[in-house]
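The primary structure of each chain is shown beneath.
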Amino acid sequence: SDPPQSLYAGFSLNGDAQAGNLTLSSPLGNTVAQLTWTPQNAVLKANSETKEHPSASALIENVTGTSIPLSALFDWLAGKNTAAAGWEIDLSDMKTENTNSDTLQRLVARRTSPLPTAELRIAIDK
């Protein structure tokens, strides 16, 4: 958007691209939103409201205004450089081997097409 929008949140992610759950937390640790998905649907609970969509991808696009390749995202989080159409991924700060528990890992994914561009930055504190 113009001006660009940013979102900072902590998250807890369980599952895979087929079924799982994601909890987003504010910088103070309060739960902001919970997303649960299965092959049949996806449910978002936020601001005392519940929204249901036919898939996690549809829900993410509706909420963020951009599509995010969910299967590729799980691979990126695992340190795998999986290609996704229109996305450039930088995993240079991700470690694929067992690392010390206080290691901070980062990934940066940029969507270059279709427009508008989008950037996803994730820092993982394992």
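Residues numbered from 1 in each chain as written. Predicted model: local features only at pLDDT ≥ 70, side-chain atom pairs only at ≥ 80, totals over all residues. Heavy atoms only, no water.

### A short note on the sheet that holds strand β6 (residues 87–93)
The pairing of strands in a sheet comes from backbone hydrogen bonds and takes either a parallel or an antiparallel form. In plain terms, the rule: When DSSP locates at least two bridges between a pair of strands, those strands are taken to pair. Every helix listed is a DSSP run of H or I at least four residues long, and every strand listed is a run of E at least two residues long, numbered separately from the N terminus. Simply put, an axis is a line fit to the C-alpha atoms, just over the touching stretch for a helix, and the angle between two N-to-C directions goes from 0 to 180 degrees. Whether two residues are in contact is decided by their heavy atoms: any pair within 4.5 Å suffices.
Here we have 3 strands laid out as an open sheet, ordered β6-β7-β8, and antiparallel in their pairing. Where the open sheet ends on each side, the last strands, each with one partner, are β6 and β8 (118–125). On average, adjacent strands in this sheet sit at an angle of 15 degrees to one another, irrespective of strand direction. When β6 meets strand β7 (residues 104–111), the two strands line up antiparallel, connected through 5 bridges. Counterpart to Asp90 in the pairing with β7 is Val108. Packed on one face of the sheet, helix α2 (residues 70–77) meets β6, β7 and β8 and runs near 40 degrees to β8.

### A word on the nonpolar core
Note the threshold: Each nonpolar core is a collection of buried residues, namely Ala, Val, Leu, Ile, Met, Phe, Trp, Tyr and Cys, held together in the definition by side-chain atoms within 4.5 Å. Any residue under 20% of the maximum accessible area for its type is buried, any over 50% is exposed, and the rest in between are partly exposed; the area is computed with a 1.4 Å probe on protein chains only.
Counting residues in hydrophobic clusters, the biggest one holds 25 residues, and the most contacted among them are Leu35, Trp37, Leu70, Leu73, Trp76 and Leu107. Looking at this core, the elements with two or more residues in it are β3 (31–37), β4 (42–46), α1 (56–64), α2, β6, β7 and β8. Aside from chain neighbours lying at most four places away, what touches Leu73 is Ile68, Leu120 and Ile122.

### Considerations on the pairing of β8
Pairing of β7 with β8 involves 8 bridges; the strand directions are antiparallel. Bridging from a neighbouring strand, Gln105 pairs with Ile124 of β8. In sequence, β7 turns back onto β8 through a hairpin of 6 residues.

### Some thoughts on the packing of aromatic side chains
Cut-off, in case you're wondering: Each pair of aromatic rings taken from Phe, Tyr and Trp, with Trp reduced to its six-membered ring, is defined by centres within 6.5 Å and is described as stacked if the planes are under 30 degrees apart, edge-to-face if over 60, and tilted in the remaining cases.
Enumeration over the complete set of coordinates arrives at 2 aromatic pairs. Ring centres of Trp76 and Trp87 lie 6.0 Å apart, and the angle between their planes is 50 degrees; on these two criteria the pair is classed as tilted. Of this pair, Trp76 sits in helix α2 while Trp87 sits in strand β6, and the two are 11 residues apart along the sequence. Exposure class is identical for Trp76 and Trp87. Each is buried.

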